[in-house]
Amino acid sequence: MTTETLPRSVPATRATTPVWRRVRPALTHVALAAAAVVMLYPVIWMVVSSLRPGNEIFREPGILVRDLRIENYRLGWNALTEPFTRYLLNSAAVVLGAIVGNLVSCSMAAYAFARLNFTGKKFWFAIMLVTIMLPIHVVIVPQYILFSQAGWINTFLPLIVPKLLATDAFFVFLMVQFIRGIPRELDEAARIDGCGKGGVFLRVILPLMVPALATTTIFTFIWTWNDFFSQLIYLTDPKMYTVPVALRAFVDATASTSWGSLFAMSVVSLVPVFLAFLLGQRFLIKGIATTGIK
Amino acid sequence: MSALSALGTLGRKKPPGQKKDNVAAYLFLTPWLLGLFVITIGPMIASLYLAFTDYNLIQAPQWTGLENFTRMLSDERLHNSLKVTFTYVLVSVPIQLAVALLLAVVLDRGVRGMAFYRSVFYLPSLLGSSVAIAILWKQIFGTDGLLNQLITPLGFAGKGWISDPSTALGTLVVLNVWTFGAPMVIFLAGLRQIPAMYYEAASVDGAGPLRRFFSITMPLLTPIIFFNLVLQIIHAFQSFTQAFVVSGGTGGPSDSTMFYTLYLYDRGFGNFDMGYASAMAWFLLVIIGVFTAANFVASKYWVFYDD
């Protein structure tokens, strides 16, 4: 299945004269390009502004760069108690743990739901669907109590362990949908060759569901990287801050003079998301088109 | 399982319920079941209990019966946060979906470079929930921000859009509308499913573009519109980061951006009033549940299934 457009032939009506037919695509392009510029202008402006001397942010709405300065980046990198490298590494550790957790636990649950026949399957599946809609706020208070009693505050465990236990039910659902599209004959063939349930999962299903695993990886990466609420609650020691929590501390500590370095660090925090988008947009688009996740 | 017995079952469709893989299935489900009970259902029950207590994390919870709920009835800040949240959801979601639908329809007409535009429009929905974009928003709509720099030369009077309580919430609505890309991609996938022959038949009958849109596209797209509506409403009710960063964690000015989730955070993690926060959390669950159920009931009257 390809996600590229197949131009749908627009049937001629009385209104489509030859001139209109040539002018209309041009007009559409002008409108779409204008919309695209309006959408992205603020982000581009932020990148450009971060490369200008401090106070020009409040005077220069244009996006032409005359002299390129990286002083904002140097200042911002060391503006807080720890160098920004620390926060990037912390975020990377949380993201990595979350990705591994989601890949392992969600694919296991998805395989059971999609392929195995067991007592209570419909019941558990319904519960799983309901948990997708559950707001995190309903469980956050007792979860906080639970994890603080376990001594896990200011560790990454409260952010990673839930992923190892497949609490991101979104991805279970996404994978179930994907596995259902894999022909059952392949499972049967593997069984004839002597594979058990585990063998079928490891040797047949997992290799064939790589696109679903890729979608899961990229979404987990972006969501965990951007996640603020749970990181704000569980990480209060500046040494353990992740990028979003550090940025927020930076905002609070910032007088209007250091907006340049605040912008610079914001840009740094967006680079990994942008790269993930560039590399994985095929999987992202397919992922949200099939399950409607954001 | 031996190859021979596998052969025996081959080619014959197993009736459901005949052969169970209970042991294997529950082994595969173990992590998920553990998570369900320890991370989700357990805490849900605990928070339901805490909702009837006074608990500050240090002393043991004190049973107070319905006190938290009667307090909620007379808590003006809570009522205000509900008003702010409802305004945000009911204004931003319809606008966001309308923009998403409009651009999806335009892109679906076989525009050259469609994949490029789709990517450009989709990107903000990946960036939109980040602290970095909230910081950008804080600057854009500030007194010396980008917006005022752009409009004052044109003769418009600038102002502090975020420091003025009457426009602060509006800047967050704009931010949510900005992330229309995700529902747009879902609309595009839905539009792709509408058979071209419907449009051809309508054209032969003399239907113009507007007529085709309202008589074919809209009815056939209603299941997707419904799906997006349910999803985006649930999502918008839980918004937190943007209001938190833009208002510096206060929900200000004058509580004008005090989302329900912000107030919940303030009670629970700002004041460690965990009992009250739990009661609020359950009330949020009820609100979202009622909205979703109402959506499903209403859908019977306007969503059209073509099968």
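Located above this text is the structure these notes cover.
Residues numbered from 1 in each chain as written. Chains lettered and ligands numbered in written order. Predicted model: local features only at pLDDT ≥ 70, side-chain atom pairs only at ≥ 80, totals over all residues. Heavy atoms only, no water.

1. Description of the pattern of salt bridges
Residues and elements named next belong to chain B. Put simply, the test is: Salt bridges are counted wherever a side-chain nitrogen of Lys or Arg sits within 4 Å of a carboxyl oxygen of Asp or Glu. Under the scheme used here, helices are H or I runs from DSSP no shorter than 4 residues and strands are E runs no shorter than 2 residues, and both carry numbers assigned from the N terminus. Partly exposed residues are those whose accessible area sits between 20% and 50% of the maximum for their type, while under 20% is buried and over 50% is exposed, using a 1.4 Å probe and protein chains only.
Within the structure shown, the criterion is met by 10 salt bridges over all chains. Note that D273 is salt-bridged to R71, the shortest N-O span being 2.8 Å. One end of the pair, D273, is in the loop between helix 13 (260-270) and helix 14 (274-302); the other, R71, is in helix 3 (residues 67-73), with 202 residues separating them in the sequence. Among the residues examined, D273 registers a relative accessible area of 13% and is labelled buried. As a salt-bridge pair, D266 and R267 come within 3.1 Å of each other at their nearest N and O atoms. Taking the relative accessible area as the measure of exposure, D266 reaches 23% and is therefore partly exposed.

2. Some points on the interface of chain B and chain A
What counts, and what does not: We call two residues contacting when some pair of their heavy atoms lies within 4.5 Å. Two parts placed together each lose some accessible area under a 1.4 Å probe, and the buried area is that loss summed for both. Whenever two N or O atoms come within 3.5 Å, that pair is a polar contact, provided that in protein one can donate a hydrogen and the other can accept it, and provided that, for residues adjacent in sequence, both atoms are side-chain atoms.
Across the contact, 113 residues belong to chain B and 98 residues belong to chain A. For the pair chain B and chain A, the summed buried surface comes to about 9300 Å²; carbon and sulfur atoms form 74% of the total. When the area that chain B buries against chain A is broken down by residue, the three leading residues are F28(B), W32(B) and I39(B), summing to 9%. Here chain B and chain A share one salt bridge between them. When the shortest N-O distance is used, the salt bridge between K197(A) and D21(B) registers 3.5 Å. Counting the contacts that link chain B with chain A gives 13 residue pairs in polar contact (both at pLDDT 80 or more). Examining the composition of the side of chain B that touches chain A, we find that 22 residues originate from one element, helix 2 (residues 22-50) of chain B, more than from any other.

3. What about helix 4 (residues 121-133) of chain A?
To keep things clear, this is the line we draw: Arc definition: it is the arc formed by the directions from the helix axis to the C-beta atoms.
Three or more residues of helix 4 of chain A are buried, namely W124(A), F125(A), M128(A) and T131(A). For helix 4 of chain A, the buried positions fall inside an angular range of 120° around the axis, keeping them on one side. Across helix 4 of chain A from its buried face, at more than 90 degrees, point the exposed residues K122(A), F123(A) and V130(A). Contacts from the buried residues of helix 4 of chain A go to helix 3 (84-115) and helix 7 (169-180) of chain A together with helix 2 of chain B.

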